[in-house]
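Here are the chains, one letter per residue:
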Amino acid sequence: MDLEKTLVLIKPDAIERGLVGQIIHRFETVGLKIVGLKMLKPDQKFALDHYGDIAVRHGQKIQDQLLDFLTSGPVVAFALEGVEAIETVRKMVGPTEPKAAPPGTIRGDFAHVSYGYADERNIAVKNIIHASASIEDAKRELVLWFKPDELCVYRTVGEKHLYN
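The structure displayed is predicted, hence computed values, not measured ones.

Chemist: Explanation requested: the packing of helix 3 (residues 44-51) against helix 5 (residues 60-70) in the structure shown.
Modeler: Axes are the key here: two packed helices are described by the angle between their axes and the distance separating the axes. Following both chains from N to C, one finds helix 3 and helix 5 inclined at 125 degrees, their axes separated by 9 Å at the closest point. As the angle between them shows, helix 3 and helix 5 are arranged oblique. Every pair of crossing elements has a handedness; the one defined by helix 3 and helix 5 is right-handed. Of the residues in helix 5, those touching helix 3 at Q44, A47, L48, H50 and Y51 are Q63, L66, L67, D68 and L70. When its residues are assigned to classes, the contact of helix 3 with helix 5 shows six nonpolar, three polar and one charged.

Right, here's the structure in full:
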C-alpha cells in the first residue's frame, strides 16, 4: 500500500480562535507527516478554483457563502502524508456539519454550529477545517495550494518503525 498525501485547510474561524496548534498536533500525534505548510489569505478566484463545481452540486447561494467564508481571513494550508491518510484525516475531522460531529473529532470538539443556524443567518457553516474527500480531490487540491518544490520529502523516526 502506497502512502497518500492529502490537503487540510484550517479555516479563518479556527485561526481567529487560536486553534491552529491544537489541530496540527492531533495529526502529528497519530503519525501523519506534515510535508507542506503555509498561511495565506485566498482571494475569490483562488477560493473558486478550490471549490470547483460546488455551485453545480449545491447551488450558487452555497458557493457564494463558502467563497465569502474562505476569503474572510487567513487560512493555514498543509499537506499530510501517511498510510491511507485521506480516510484517516476525514475520520479525525468529522462530518461537515459540526452539530453532527461526534466528540473526539476536530469538528465535534471545537464547533457545534448547525446547517439550520447558518441558513437562518445566510452564512456558511463555520466548521473549522477542510480535508480532501478523495484521492482525486487531494491531487487536484494539493497542486492548487502547493508548488512541487513546497512539498518536502523526509523520513521521520515513526516511519522507521511503521514502514520497515
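Chemist: Hey, could you run me through the side chain of T6 in this one?
Modeler: If you trace the backbone, T6 turns up in strand 1 (residues 3-10). When sequence neighbours within four positions are dropped, the list of residues in contact with T6 reads F78, A79, L80, A85, I86, V89, S132, A138 and L142.

Chemist: Mind showing me how you'd approach the pairing of strand 3 (residues 75-83) here?
Modeler: Regular strands place side chains that alternate from one sheet face to the opposite one. Here strand 3 lies mainly inside the structure; eight of its nine residues are buried. With eight bridges connecting them, strand 1 and strand 3 associate as antiparallel partners. The partner of E4 across the bridge, within strand 3, is G82. With seven bridges joining them, strand 2 (residues 33-40) and strand 3 adopt antiparallel strand pairing. From the neighbouring strand, G36 faces strand 3, where its bridge partner is A79.

Chemist: Would you take a moment to explain the nonpolar core for this structure?
Modeler: For soluble globular proteins, nonpolar side chains are generally found buried alongside one another. Judged by nonpolar contacts, the single largest core of 23 residues is most densely connected at I23, F27 and I128. Ranked by residue count, the leading element in this core is helix 6 (residues 85-93), at four residues. With residues near it in sequence (within four places) discarded, I128 still touches L9, I10, K11, D13, A14, R17, L19, I23, I106, F110 and A111.

Chemist: Looking at this structure, I do not really get the environment of G116. What am I missing?
Modeler: By secondary structure assignment, the location of G116 is in helix 8 (residues 115-121). Classification of G116 by relative accessible area gives partly exposed; the value is 37%. Put simply, G116 and K91 are 25 residues apart on the chain and 23 Å apart in space, counted from C-alpha to C-alpha.

Chemist: Please clarify how the packing of aromatic side chains should be interpreted in this entry.
Modeler: Each aromatic ring pair is specified by the distance between its two centres and by the angle formed by the two planes. Counting across every chain of the model gives two aromatic pairs. A centroid spacing of 4.6 Å and a plane angle of 90 degrees characterise the contact between F46 and W145, whose relative ring orientation is edge-to-face. With F46 in helix 3 and W145 in helix 9 (residues 135-145), the pair connects residues that are 99 residues apart, well separated along the chain. Above the face of the Y154 ring, K33 is positioned so that its terminal group lies 4.7 Å from the ring centre.

Thresholds, definitions, all that
Residues numbered from 1 in each chain as written. Predicted model: local features only at pLDDT ≥ 70, side-chain atom pairs only at ≥ 80, totals over all residues. Heavy atoms only, no water. Axes fitted to C-alpha atoms, helices over the stretch in contact; angles between N-to-C directions. Helix = DSSP H or I, 4+ residues; strand = E, 2+ residues; numbered from the N terminus. Parallel < 35°, antiparallel > 145°, perpendicular 65-115°, else oblique. Left-handed = near helix turned anticlockwise from the far one by under 90°. Contact = heavy atoms within 4.5 Å. Nonpolar A, V, L, I, M, F, W, Y, C, P; charged D, E, K, R; others polar. Buried < 20%, exposed > 50% of the residue type's maximum accessible area, 1.4 Å probe, protein only. Pairing = 2+ DSSP bridges. Core = buried A, V, L, I, M, F, W, Y, C linked by side-chain atoms within 4.5 Å. Phe/Tyr/Trp six-rings, centres within 6.5 Å; stacked < 30°, edge-to-face > 60°. Lys NZ or Arg CZ within 6 Å of the ring centre and 35° of its normal.

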